[in-house]
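Observations on the three-dimensional arrangement
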Amino acid sequence: MTSQAFERAFRTRMKNPYAAERLFVFGIRCVLNGYDNEHLDQWREVWDGYRTYFGAGNSRAVLDALWKFAATYRRYAVSPTGFHSLDCHCMAEDEYLSMALISSLQHHDESCSARCILEIARPSGRTELKQHAWQLAAEYLSLGQRFFPVSLADVEATLQTSAAMRDAKDSTLH
């Protein structure tokens, strides 16, 4: 998704009930893809997109929190390649879990956030990743971006479905 496409997608942001989640997925994909030398332009795209959406002054703090979260994720993730490219319409498991983590922190659901952290990060980085996730969740809230609630049951169902899909993919038909 280019910055122009991002701008068109969020032009009617008040009518988009999942704006916060879409902003997060767009932002985290841009930041993580930007670490690959082939996609450095995506760092500019996330800045342009967030600046268009929130204004330059409001974008700095949330993007700083997003970069810290992404850098910590890259350092401690169980699966550091758990995110898709910008043009993918599906969500990777880690994208969903990261989004659920931010949601659970905004909604003070400790059991859900603990489960998400357990799945995303290696033990040595869980505390640091959660600290950066708290900061990111707070920055989104300060900009009026409240994620829809995601429950522990939702996360468990997603993990169970993901495992079943992996098992089916690895099995053979006779």
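A few points on the structure. Everything quoted here is computed from the prediction, not taken from an experiment.

Conventions we followed
Residues numbered from 1 in each chain as written. Predicted model: local features only at pLDDT ≥ 70, side-chain atom pairs only at ≥ 80, totals over all residues. Heavy atoms only, no water. Core = buried A, V, L, I, M, F, W, Y, C linked by side-chain atoms within 4.5 Å. Buried < 20%, exposed > 50% of the residue type's maximum accessible area, 1.4 Å probe, protein only. Helix = DSSP H or I, 4+ residues; strand = E, 2+ residues; numbered from the N terminus. Contact = heavy atoms within 4.5 Å. Expected span 1.5 Å × (residues − 1). Salt bridge = Lys/Arg side-chain N within 4 Å of Asp/Glu carboxyl O. Axes fitted to C-alpha atoms, helices over the stretch in contact; angles between N-to-C directions. Parallel < 35°, antiparallel > 145°, perpendicular 65-115°, else oblique. Left-handed = near helix turned anticlockwise from the far one by under 90°. Nonpolar A, V, L, I, M, F, W, Y, C, P; charged D, E, K, R; others polar.

With that settled, the discussion passes to the nonpolar core. Membership of the largest hydrophobic core comes to 46 residues, with the highest contact counts inside it found for Phe-24, Tyr-50, Leu-66, Leu-136, Tyr-140 and Val-155. Among the secondary structure elements, those contributing two or more residues to this core are α2 (19-34), α3 (41-54), α4 (56-76), α5 (93-106), α6 (110-120), α7 (126-142) and α8 (152-170). The biggest single contributor to this core is α2, with ten residues. Discounting residues that sit within four places of it in the chain, Leu-136 has contacts with Phe-24, Val-62, Ala-65, Leu-66, Phe-69 and Ile-102.

So, about the environment of Asp-41. Along the chain, Asp-41 falls in helix α3. Judged by its relative accessible area of 44%, Asp-41 is partly exposed. For Asp-41 and Cys-30, which are eleven residues apart along the polypeptide, the C-alpha to C-alpha distance reads 8.6 Å.

This part takes up α3. The terminal C-alpha atoms of α3 lie 20 Å apart, and with 14 residues this matches the ideal 20 Å at 1.5 Å per residue to within 8%. For α3, the set of buried residues is Gln-42, Glu-45, Val-46, Asp-48, Gly-49, Tyr-50, Tyr-53 and Phe-54. Of the residues flanking the end of α3, it is Gly-55, one or two places downstream, whose phi is positive at about 95°.

What follows covers the pattern of salt bridges. Pairing between side chains becomes possible if they bear opposite charge and their charged atoms approach one another. Within this structure, the stated rule accounts for eight salt bridges. Between Arg-44 and Asp-48 there is a salt bridge; the shortest N-O distance is 3.9 Å. With a gap of four residues between them, Arg-44 and Asp-48 both fall in helix α3, about one helical turn apart. Under the relative-accessibility criterion, Asp-48 is labelled buried at 18%. Shared partners join several salt bridges into a network, and the residues in it are Arg-44, Asp-48 and Arg-51.

A few words on the packing of α2 against α3. Running from N to C, α2 and α3 point in directions that differ by 155°, and their axes come no closer than 7 Å. Here α2 is positioned roughly antiparallel relative to α3, judged by the angle of their axes. Where α2 crosses over α3, the two elements pack in a sense that is left-handed. Contact residues: α2 offers Ala-19, Leu-23, Phe-24, Phe-26, Gly-27, Arg-29, Cys-30, Val-31, Asn-33 and Gly-34, while α3 offers Gln-42, Trp-43, Glu-45, Val-46, Tyr-50, Tyr-53 and Phe-54.

In this section: the packing of α5 against α6. For the pair α5 and α6, the least separation of the axes is 8 Å and the interaxial angle reads 150°. The orientation of α5 relative to α6 falls into the category roughly antiparallel. α5 and α6 meet at a crossing whose hand is left-handed. In contact with Leu-97, Ser-98, Ala-100, Leu-101, Ser-104 and Leu-105 of α5, α6 contributes Cys-112, Ser-113, Cys-116, Ile-117, Glu-119 and Ile-120. Among the residues making up the contact of α5 with α6, the classes are represented as eight nonpolar, three polar and one charged.

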